[in-house]
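Residue-level structure breakdown
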Amino acid sequence: MDFEPCELAEIIEKNGAGASLISVLEEIQARYRYLPREAMILVSERLGVPLSQVYSVATFYHAFSLIPRGKHTICVCTGTACHVRGAVQVLDRLETGLGVAPGGTTRDREFTLETANCLGCCALGPVVVLDGEYEGQMTTKKVDKLLKRAMRQAGGEQ
Amino acid sequence: MIELRNPQALVDYRQRIWAATDPQQRRIRVCDGTGCRALGSRKVLARLQETLREAGLADKVEVVPTGCPGFCELGPLITIDPEKIAYNRVSVDDVPAIVAKTIAQGEIIDGLIFVDPVTGQTIIHDSELPFYTKQMRRVLALNGEIDPTRIEDYVAHDGYAAASKALCQMMPEQVIEEVKSAGLRGRGGAGFPTGLKWHFCRQSPGDVKYVICNADEGDPGAFMDRSILEGNPHSVVEGMIIGAYAMGATQGYVYIRNEYPLAVQNLKIALKQAREHGLLRKNILGSGFAFDIEIRVGSGAFVCGEETALMASIEGKIGEPRPRPPYPAQSGLWGKPTNINNVKTWANIPLIIRNGAGWFANVGTEKSKGTMIFSLVGKIRNTGLVEVPMGISLRELIFDVGGGIPGGKEFKAAQIGGPSGGCIPREHLDVSVDYESLMALGAIMGSGGLVICDEDTCMVDLARYFLQFTQEESCGKCVPCRVGTRAMLETLERICAGRGREGDIEYLIELGEEVKRSSLCALGGTAPNPVLTTIRYFRDEYEAHIYDKKCPAKVCKGLITYEIVAASCTGCMVCARNCPVGAISGEKGQPHVIDTETCTRCGVCQSLCNFDAIVVH
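1. Observations regarding the overall build of chain A
Along the backbone of chain A there are 7 helices and 4 strands. Once the C-alpha set of chain A is aligned to its principal axes, its extents read approximately 50 × 35 × 25 Å. For chain A, the proportion of its 158 residues judged to be buried stands at 39%. Within chain A, counting contacts between residues at least 6 apart in sequence, those at least 24 apart form 58% of the total.

2. Details of the overall build of chain B
Summing up its helical and strand segments, chain B has 24 helices and 19 strands in all. Here the C-alpha atoms of chain B give a radius of gyration of 26 Å, agreeing with the 25 Å that 2.2 N^0.38 yields for 617 residues. If you line up chain B on its principal axes, its C-alpha atoms span 80 × 65 × 40 Å. Relative to its 617 residues, chain B shows a buried fraction of 53%. Relative to all contacts within chain B whose residues are 6 or more apart in sequence, the contacts with residues 24 or more apart total 71%.

3. Side note on the packing of helix α2 (residues 21-32) of chain A against helix α4 (residues 51-60) of chain A
Residues and elements named next belong to chain A. With their axes 11 Å apart at the nearest point, α2 and α4 run at an angle of 65° to one another. Considering only the axes of α2 and α4, their crossing is right-handed. Residue-level inspection shows Leu21, Ile22 and Leu25 of α2 in contact with α4, the latter providing Val54, Val57 and Ala58. Split by residue class, the contact of α2 with α4 holds 6 nonpolar, no polar and no charged.

4. Observations regarding the environment of Glu563(B)
Residues and elements named next belong to chain B. For Glu563, the location among the structural elements is in strand β16 (residues 562-564). Between the C-alpha atom of Glu563 and that of Val11, which follows or precedes it by 552 residues, the distance is 71 Å. Residue contacts for Glu563: discarding those within four places in its chain leaves Ile594, Val615 and His617.

5. Here's the deal with the sheet that holds strand β3 (residues 78-81) of chain B
All names here are of chain B. Read from one edge to the other, the open sheet built from 4 strands follows the order β2-β1-β3-β4, with strand pairing classed as mixed. Edge strands, defined here as strands with exactly one partner in the open sheet, are β2 (61-66) and β4 (85-87). In this sheet, neighbouring strand axes are inclined to one another by 20° on average, regardless of whether the strands run parallel or antiparallel. In terms of strand pairing, strand β1 (residues 26-31) meets β2 through 6 bridges, oriented parallel. Pairing of Arg27 across the sheet is with Glu62, part of β2.

6. Comments concerning the domain arrangement of chain A
We note that the domain assignment places domain 1 (5-60) and domain 2 (72-157) within chain A. One C-alpha centre belongs to domain 1 of chain A, the other to domain 2 of chain A; they are set 29 Å apart.

7. Structural notes on the domain arrangement of chain B
All names here are of chain B. Taken domain by domain, chain B holds domain 1 (24-81 + 85-124), domain 2 (151-361), domain 3 (371-454), domain 4 (459-546) and domain 5 (561-616). Listing elements by their share of the side of domain 3 that touches domain 4, those giving two or more residues are β13 (411-416) and β14 (422-425). Take the side of domain 3 that touches domain 4: its biggest share by element is 3 residues, from β14. Broken down by class, the residue content of the side of domain 3 that touches domain 4 amounts to 6 nonpolar, 5 polar and no charged.

8. Observations concerning helix α19 (residues 479-496) of chain B
All names here are of chain B. Between its first and last C-alpha atoms α19 spans 25 Å; for 18 residues at 1.5 Å apiece the expected length is 26 Å, and the two agree. Looking at α19, one finds that the buried residues are Cys481, Gly484, Thr485, Met488, Leu489, Thr491, Leu492, Ile495 and Cys496. For α19, the angular spread of the buried residues around the axis is 160°, confining them to a single face. One or two steps after α19, the chain reaches Gly498, where phi turns positive at roughly 90°.

9. Details of unusual backbone geometry
Between Asp81(B) and Pro82(B) the backbone carries a cis peptide bond, its omega angle lying at 5°. Topologically, Pro82(B) is positioned in the loop between β3 and β4. Note that the residue after Pro325(B), namely Pro326(B), is joined by a cis bond; omega there is 5°. In this structure, Pro326(B) sits in the loop between α13 (307-314) and β10 (338-342). Phi angles above zero are rare outside glycine, and Gln137(A) is one such case at about 45°. Take Gln137(A): it is sitting in the loop between β4 (133-135) and α7 (140-157).

10. Concerning the sheet that holds strand β2 (residues 111-116) of chain A
Hydrogen bonds along the backbone pair up the strands of a sheet, which may run parallel or antiparallel. Residues and elements named next belong to chain A. Reading across from one edge, β2-β1-β3-β4 is the order of the 4 strands in this open sheet, with mixed pairing throughout. Taken across any chain shown, the strands that pair with only one partner, and hence form the sheet edges, are β2 and β4. Within this sheet the neighbouring strands show an average axis-to-axis angle of 20°, counted without direction. Sheet topology places strand β3 (residues 128-130) next to β4; 3 bridges connect them, and they run antiparallel.

11. Structural notes on the interface of chain A and chain B
Every contact between the two is made by 35 residues of chain A and, on the other side, 41 residues of chain B. Looking at the side of chain A that touches chain B, the elements that each hand over two or more residues are α2, α4, α5 (80-84), α6 (87-98) and α7 of chain A. Considered class by class, the residues forming the side of chain A that touches chain B number 18 nonpolar, 13 polar and 4 charged.

12. A closer look at the pairing of strand β8 (residues 251-256) of chain B
All names here are of chain B. Here β8 lies mainly inside the structure; 5 of its 6 residues are buried. By the bridge criterion, 6 bridges tie strand β7 (residues 210-215) to β8 in an arrangement that is parallel. Of the residues in β8, the one forming a bridge with Ile212 is Tyr253. Two strands pair when backbone bridges link them, and β8 and strand β9 (residues 292-297) are joined in this way by 6 bridges, in the parallel orientation. Among the inter-strand pairings, Tyr253 is bridged to a residue of β9, identified as Glu294. Chirality of the crossover, the property in question, places the unit of β8, helix α12 (residues 261-276) and β9 among those that are right-handed.

13. Describing the environment of Ile416(B)
All names here are of chain B. Secondary-structure assignment places Ile416 in strand β13. Exposure remark for Ile416: the 27 C-beta atoms within 10 Å place this residue in the buried category. Note: C-alpha distance between Ile416 and Met445 (29 residues apart in sequence) is 6.7 Å.

14. Some remarks on the nonpolar core
By size, the foremost hydrophobic cluster in this structure holds 213 residues, and its most contacted members are Val127(A), Val128(A), Ile241(B) and Ile242(B). Here the element with the most residues in this core is helix α11 (residues 233-247) of chain B; it accounts for 9 residues. Discounting chain neighbours no more than four positions away, the residues touching Ile241(B) are Ala163(B), Leu279(B), Ile284(B) and Phe291(B). Formed by 15 residues, the second largest nonpolar core is a distinct cluster that contains Ile584(B), Ile594(B), Val604(B) and Cys605(B).

15. A word on the confidence of the model for chain B
Per-chain confidence: chain B averages 94 in pLDDT, with 100% of residues scoring 70 or above. Scored as a complex, the prediction yields pTM 0.93 and ipTM 0.88.

Conventions adopted
Residues numbered from 1 in each chain as written. Chains lettered and ligands numbered in written order. Predicted model: local features only at pLDDT ≥ 70, side-chain atom pairs only at ≥ 80, totals over all residues. Helix = DSSP H or I, 4+ residues; strand = E, 2+ residues; numbered from the N terminus. Buried ≥ 20, exposed ≤ 12 C-beta atoms within 10 Å, placed from the backbone. Contact = placed C-beta atoms within 7 Å. Rg over C-alpha atoms; globule rule 2.2 N^0.38 Å. Axes fitted to C-alpha atoms, helices over the stretch in contact; angles between N-to-C directions. Left-handed = near helix turned anticlockwise from the far one by under 90°. Nonpolar A, V, L, I, M, F, W, Y, C, P; charged D, E, K, R; others polar. Pairing = 2+ DSSP bridges. Domains from an automatic or database assignment. Expected span 1.5 Å × (residues − 1). Arc of directions from axis to C-beta. Right-handed = clockwise from strand over helix to strand, strands pointing away. Core = buried A, V, L, I, M, F, W, Y, C linked by C-beta atoms within 7 Å. pLDDT = per-residue confidence, 0-100.

Written out as structure tokens, the structure is:
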């Protein structure tokens, strides 16, 4: 999705005059899946916050990305419980399958591979989340299946 | 919508709810927590409703989504009332039989009830499961019982009775006195006496004060706070109302992780309902006291669990901690007196006010009162959420409640308190679980994360894992944490890669102590704990890595090799086809060989082999 300055005005307006910088950035992130440079400049002007502070917040919190993310997100939980149950192997397999490192996005902008510190469903470890859908007790075999399915769905959308 | 204008209106409302409730009502409670959802409980729920409709039973049987009762290992969990028949690992395919047999004819389905893995005994009612019988469920009592999105369910179970009592019958000082004499200590990890903290905030001069609920549960391997907010959000709201009244605060915030979407959703619903019922905003229950709560969703920074960083984040700044004093009670959010407590601390408050300080304090040890909630995870049979009395032994917690270690493996250590905590080895299994006893062993109570390690867990790797976590999450403001944890991590990575040197252990101890002593906040101040306790109790494993170049648990990639056992290999070629680096060769039908020079030890071959032909040395 391309950045639309008028949409941003709407977001800022919705959050009110005293809008918190973080909630405005969160909404931009949710809409565009990253924080476009122009958007950060506009936010700085509209909220009267120095651009340096916008940049500082945008780079401090993990939820924000300065580069465009993929349409689909595959997130591997690397919390302690998942770690001791083999999350490293699961992540390795996804890295190989997608050809990107954690935090990276495939060239076709379809998939972003992420890790999370703990999603809090430790009983099911290792856990992988594909676009909000949780998959528990992952193994190399199950990851392969998941990835195949995800790629097929992504292909079908086009 | 009923606005409760005074305490009597609340009592009347509760009686009307009771009058409309039939205790013999056929109900199916379905766990709708994140854990069971991940196992497919939403599909089970939808299928149940559909099947009941088809069978013409939709108006006779209620299907109630509940919060997490805790036994995540056996999810999706459902309980059928009024008999309280507990079914576990329910799939959509089981639904027709459940409706046709149990609902229509009262027949119990053998394949869905609990079978004790040790005795082979079958158990029909969840109250008889060993997992629950050894617990003492106070804060979690309603988790799994009520629909968290219905305020009526909470009110029916004496919800908001404590707020009514505090606001309309007690002076603020009396409330603080009650919390003090209960002996409640902060459940976020540090264990500071809650009543005293409230007292400081009350004493602080100022017209505007804030209370905050810290729901930025960032410890990996911990999900207690999430489950409370998902399963019983009104208990936290009620606790905050009482606390705000006691301290004279007019505005509250709940700071919650963005990784917990369901908890945010259920809390939003609870706040809306509380407002509609006159339990928030102006003149709560006719007491003249006004208070409201807003939600702030975190943006993914572990350090924001530290109170000063959390407040900076609410203010819209980057979440960097600042030195204390001044403490939040003097100068907190926007410079005003502020009190921050953990989710579990707030959830305990209504129970203390309703049942009295004596009731609360009759459980626990001399200095640690009440119950503690743990998320029991890792290499343990009964993974899940448990609430136990303070002072229980670690052995009872792991073996009686947790069911011990699966797969016939040996218990090695319990990692308690997350990245700030430490490891407790087998020889200290009988330690009493209370703040002081755990501290004496170099660990901490922490927020409730309890990760069990067995013989296959490498303690050096675990220490490296935690340090990698804290290193990544270090905000970078102070040098000891930013540079110190990095130097420690580099050393640990070297040891795990097989390049450990003499003196590394001593260096880690010296540096660790220094990072603890000189860091600005608790993140750096506790980050070395996992390393220091593993050195203290598992020094031999470090020595094996450094001197023998061996990883006894066969985990560290730099110290292991994979080999194909020729006698077991059928030459099916699955491993060769799937090796990401092409390190496996061999003819079809002939035993294959791994080239250890090329092999990256990713373990894919072993996990895909159908004949257990691949071993690790």
